[in-house]
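# Geometric and topological summary
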Amino acid sequence: MTEYYIPQEIIRRKRDGLVLAPREIALLVNGLTDGSLADEQVGALAMAIFLNGMSTEETVALTMAMRDSGQILRWSGLDGPVVDKHSTGGIGDKLSLLIAPILAECGAFVPMISGRGLGHTGGTLDKLDSIPGYDTRPSLDRLQRIVREIGCAIVGQTSELAPADRRLYAIRDVTATVESIPLITASILSKKLAEGLDVLVMDVKFGSGAFLPEPDRAEFLAQTIVNVADGAGICCRALLTNMSRCLGRTAGNALEVLEVVSVLRSESRQRDLIDISTELCGEALAAANLASSPEAGKKRALEVLQSGRAAERFGTMVSSLGGPVDFIENAETYLPRAPFQHAVMPDRPGYVAAIDARILGLAVLSLGGGRMASDQAIDPRVGLSAVKAPGEYVDANEPLAIVHASADANAGHAAAQIQAAFEMTEAAPEIEPYIRRKLTPTAMANGPIA
């Protein structure tokens, strides 16, 4: 196969549906990083990939080149594996705040580099920003020091890690190419590979509140990520989980942190949060040889959570990154609260048959709990609490959710949105499980990943 080293010729080959060689892909990524590839060329490349897909081998090459566009963390001298978890995002998804300290308490080292909210879904960094003093953007040296000493740190991406991804994503965002599965895969994995990981567990969500609502499409993304990670030399497992609900009882930054603290302190036994987080931990611990099987790993994770040791680890992480030293004990006094609350009442009593979780996310966004513009400030106080779940019975005097707002008028407007998101029935509905299936590496067909 003839290889080309002129960018427009490489783009033309992908436009025509041909397979690119690793060195051709590396040339394009170098141009992304150093600016020699014009925005118009990047947009054309993204659209060519969106329309024609990439093979598994091409996606591995793209992922590795994007990883190599910046610094890669090195972890020599650790007495345990380097492990991380990533989610494709959802409503009330606060699992990272539970998983990082659990894994660290089980012997893993967790440099969890997370993101901010995207569209109607919340972001882990926005939740942590509600903790006074918590530094979500430490230097890489400080990040590595804290992970070595504490075992975990949840922070944001720095400019040194996978810089090619930041530019490519910004251009995808304005060229209608965000949904390309090869580009999603390379974007996620390039940053995770730059962390120097041994093991990655993925929580890929489907349903009304998910980035990819269709189950088949979400499963294809999960399988692609697992296979490409395997090709790039990292052990990866994925769970396909249901996001046709609010995860836990809260949505909104400070409210979600407070719910996590209540679970860590064993004051709340919120089943979906505990089941999914310990299931993901079990997969990670088994893959990292810290447990004999996923089932044994899940059991160990649950013991660590119930013993209070994960709470202590989380509190130490918070204080190491500039937060209060007594945050776990006194979270209620540190987290900001909205001045107005409004109960969302059902139009009639009955069972919650279904929830349009995307509407819940949009309601939090409209309250100021997310960004409608990149430079918009977030109000950490606002959101939802006491959110009902599918299958639960709600009588006429019981709220479907409670709105927390900065103004009474905002609360009333959001309440009307939220009421419309709930479908009520007289008979108890059949409820899908939280976890649909687990995915491990498989041999994929030779054709392009669309």
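Just so you know, these numbers come straight off a predicted model, no measurement behind them.

Cut-offs and rules
Residues numbered from 1 in each chain as written. Predicted model: local features only at pLDDT ≥ 70, side-chain atom pairs only at ≥ 80, totals over all residues. Heavy atoms only, no water. 1 Å grid on protein atoms, 1.4 Å probe; cavity = no way out; pocket = protein on both sides within 12 Å on 5 of 7 lines; lining within 4 Å. Points joined across faces, edges and corners; volume = space filled by probe spheres on them. Nonpolar A, V, L, I, M, F, W, Y, C, P; charged D, E, K, R; others polar. Helix = DSSP H or I, 4+ residues; strand = E, 2+ residues; numbered from the N terminus. Buried < 20%, exposed > 50% of the residue type's maximum accessible area, 1.4 Å probe, protein only. Polar contact = N/O pair within 3.5 Å; in protein donor to acceptor, adjacent residues only side chain to side chain. Contact = heavy atoms within 4.5 Å. Core = buried A, V, L, I, M, F, W, Y, C linked by side-chain atoms within 4.5 Å. Phe/Tyr/Trp six-rings, centres within 6.5 Å; stacked < 30°, edge-to-face > 60°.

Before going further, it helps to examine the layout of surface pockets. Volume-wise, the second largest pocket comes out at about 240 Å³. What lines the second largest pocket is a set of 15 residues, and nearest its centre among them are R245, R271, A389, P390 and Y434. Considering only residue class, the lining of the second largest pocket consists of seven nonpolar, two polar and six charged.

Turning to the side chain of Q270, a few remarks are in order. By the element assignment, Q270 lies in the loop between α11 (253-264) and α12 (271-287). On the basis of relative accessibility, which here comes to 14%, the residue Q270 falls in the buried class. Side-chain polar atoms of Q270 contact the side chain of R249, separated by 3.4 Å. For Q270, the side chain forms a polar contact with the side chain of D272, separated by 3.2 Å.

Looking only at helix α8 (residues 163-174), the buried set comprises P163, A164, D165, L168, I171 and R172. The secondary structure elements touched by the buried residues of α8 are α2 (22-34), α3 (39-52), α4 (56-67) and α9 (181-194). One or two steps after α8, the chain reaches A176, where phi turns positive at roughly 60°.

So, about the nonpolar core. By size, the foremost hydrophobic cluster in this structure holds 120 residues, and its most contacted members are L103, L264, F327, L360, V403, I418 and F422. When residues no more than four places from it in sequence are discounted, the contact partners of F422 are V352, A354, I355, L360, V387, K388 and L400. With 22 residues, the next largest nonpolar core counts I10, I49, A164 and I171 among its residues.

Another aspect to go through is the packing of aromatic side chains. Note on aromatic pairs: each is described by the distance of the centres and the angle between the planes. Tallied over the entire structure, the rule returns two aromatic pairs. Measuring from ring centre to ring centre gives 6.4 Å for F327 and Y334, while their planes differ by 35°; the resulting arrangement is tilted. Ring geometry for Y351 against Y393: centres 5.1 Å apart, planes inclined by 70°, an arrangement best described as edge-to-face. Residue Y351 is found in strand β7 (residues 350-355), and its partner Y393 is found in strand β9 (residues 393-394); the two are separated by 42 residues along the sequence.

Honestly, it's all geometry; don't read function into it.
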